[in-house]
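Next come the chains, spelled out residue by residue.
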Amino acid sequence: MTAPYITCEGTAYAIDALSERARLLASDLLRTVQEYRALIANYRQSLTLTNTYSGGLKQEVEKAELPVAIDNPYAEEEKPMIKIGDVSYEASDLPDSVKAYVAELVRANNQKTQLEFRLRQLDAARGAYVKAIQEEIAETKPEPMDPQPEPSDSQPETDGNG
């Protein structure tokens, strides 16, 4: 079994050969990548959920036969509307089934937005860890592994694309 290692700019270094700072950064990088991968799975589920609720809302609106909204720029007050595709529907008196779909769609969309934000944070953190590890390796010059292990998807890489 190969000792734990990290690949930096195409060269593998045993974790034990790294400085204490580089080991801490590599550990943080690994946790960041693991969280990112888990959140990507949640994000994909969130997209599926959002699409499912969108489709269900469209069916419920059509079933409820909501009146199509007519754009009237001279109207004294703006009425609430639901826009599905290119069609706007008056939403001032929604049936409970449509209200339920709207509430779930809003909740799913909020969850998707929160996941997108966290994924951007993790991606920025990953980039910062990669840069810091590369700088630490360049500064401390640890011995590369000999022989170099075969590349593996499960090992953290600091080449900026791992």
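Residues numbered from 1 in each chain as written. Predicted model: local features only at pLDDT ≥ 70, side-chain atom pairs only at ≥ 80, totals over all residues. Heavy atoms only, no water.

**Section: the overall build of the chain**
From N to C terminus, the chain includes two helices and four strands. From first element to last, N terminus to C terminus, the chain shows the α and β order β-β-α-β-β-α. Its C-alpha radius of gyration of 25 Å places the chain more than 25% over the 15 Å reference for a compact globule of 162 residues. Dimensions along the principal axes, computed over C-alpha positions, put the chain at roughly 75 × 35 × 20 Å. For the chain, the residues scored as buried account for 30% of the 162 residues in total. Considering only residue pairs separated by 6 or more positions, the chain has 75% of its internal contacts joining residues 24 or more positions apart. (Helix = DSSP H or I, 4+ residues; strand = E, 2+ residues; numbered from the N terminus. Rg over C-alpha atoms; globule rule 2.2 N^0.38 Å. Buried < 20%, exposed > 50% of the residue type's maximum accessible area, 1.4 Å probe, protein only. Contact = heavy atoms within 4.5 Å.)

**Things to note about the environment of Val87**
Take Val87: it is sitting in strand β4 (residues 87-90). In sequence terms Val87 and Ala128 are 41 residues apart; their C-alpha atoms lie 45 Å from each other. Those residues within four positions of Val87 in sequence are excluded, and the remaining contacts are Val68 and Ile82.

**Structural notes on the pattern of salt bridges**
Across all of its chains, the model carries nine salt bridges by this definition. Of the charged contacts in the structure, one is a salt bridge between Glu20 and Arg23, with a shortest N-O distance of 2.6 Å. In this pair, Glu20 and Arg23 are both assigned in helix α1 (residues 20-64), three residues apart and thus about one turn of the helix distant. Under the relative-accessibility criterion, Glu20 is labelled partly exposed at 46%. Take Arg23: its relative accessible area is 28%, and that puts it in the partly exposed class. The partner of Glu116 in a salt bridge is Lys112, and the shortest N-O contact between them spans 3.8 Å. Taken together, the residues Glu116 and Lys112, both in helix α2 (residues 96-140) and four residues apart, mark about one turn of the helix. With relative accessibility at 23%, the residue Glu116 sits in the partly exposed group. (Salt bridge = Lys/Arg side-chain N within 4 Å of Asp/Glu carboxyl O.)

**A short note on the pairing of strand β3 (residues 81-84)**
Each regular strand displays side chains that alternate between the two surfaces of the sheet. Burial along β3 is one-sided: Ile82 and Ile84 are buried, while Met81 and Lys83, pointing the other way, are not. Connecting β3 to the next strand, β4, in antiparallel fashion are two residues, including Gly85 with a positive phi near 65 degrees. (Pairing = 2+ DSSP bridges.)

**A closer look at the packing of aromatic side chains**
Tallying each qualifying case throughout the model produces one aromatic pair. An angle of 75 degrees between the planes, with centres 6.4 Å apart, marks the rings of Tyr53 and Tyr101 as edge-to-face. Of the two residues, Tyr53 sits in helix α1 while Tyr101 sits in helix α2, which places them 48 residues apart along the sequence. According to the relative accessible area criterion, Tyr53 is buried, its value standing at 18%. Residue classification places Tyr101 among the partly exposed residues on the basis of a relative accessible area of 27%. (Phe/Tyr/Trp six-rings, centres within 6.5 Å; stacked < 30°, edge-to-face > 60°.)

**Notes on the pairing of β4**
As paired strands, β3 and β4 are joined by four bridges and run antiparallel to one another. Bridge pairing in β4 links Ile82 to Tyr89.

**Let's talk about the side chain of Thr32**
Along the chain, Thr32 falls in helix α1. Among the polar contacts listed, one links the side chain of Thr32 to the backbone oxygen of Asp28, at a separation of 2.8 Å. Beyond its immediate chain neighbours, meaning those up to four positions away, Thr32 contacts Leu122, Ala125, Arg126 and Tyr129. (Polar contact = N/O pair within 3.5 Å; in protein donor to acceptor, adjacent residues only side chain to side chain.)

**Thoughts on the nonpolar core**
Ranked by internal contacts, the top residues of the largest apolar core, which has 13 residues, are Ile6, Tyr13, Leu18, Leu29, Ile133 and Ile137. Top contributing element to this core by residue count: α1, with five residues. Formed by twelve residues, the second largest nonpolar core is a distinct cluster that contains Leu66, Ile82, Ala91 and Leu94. (Core = buried A, V, L, I, M, F, W, Y, C linked by side-chain atoms within 4.5 Å.)

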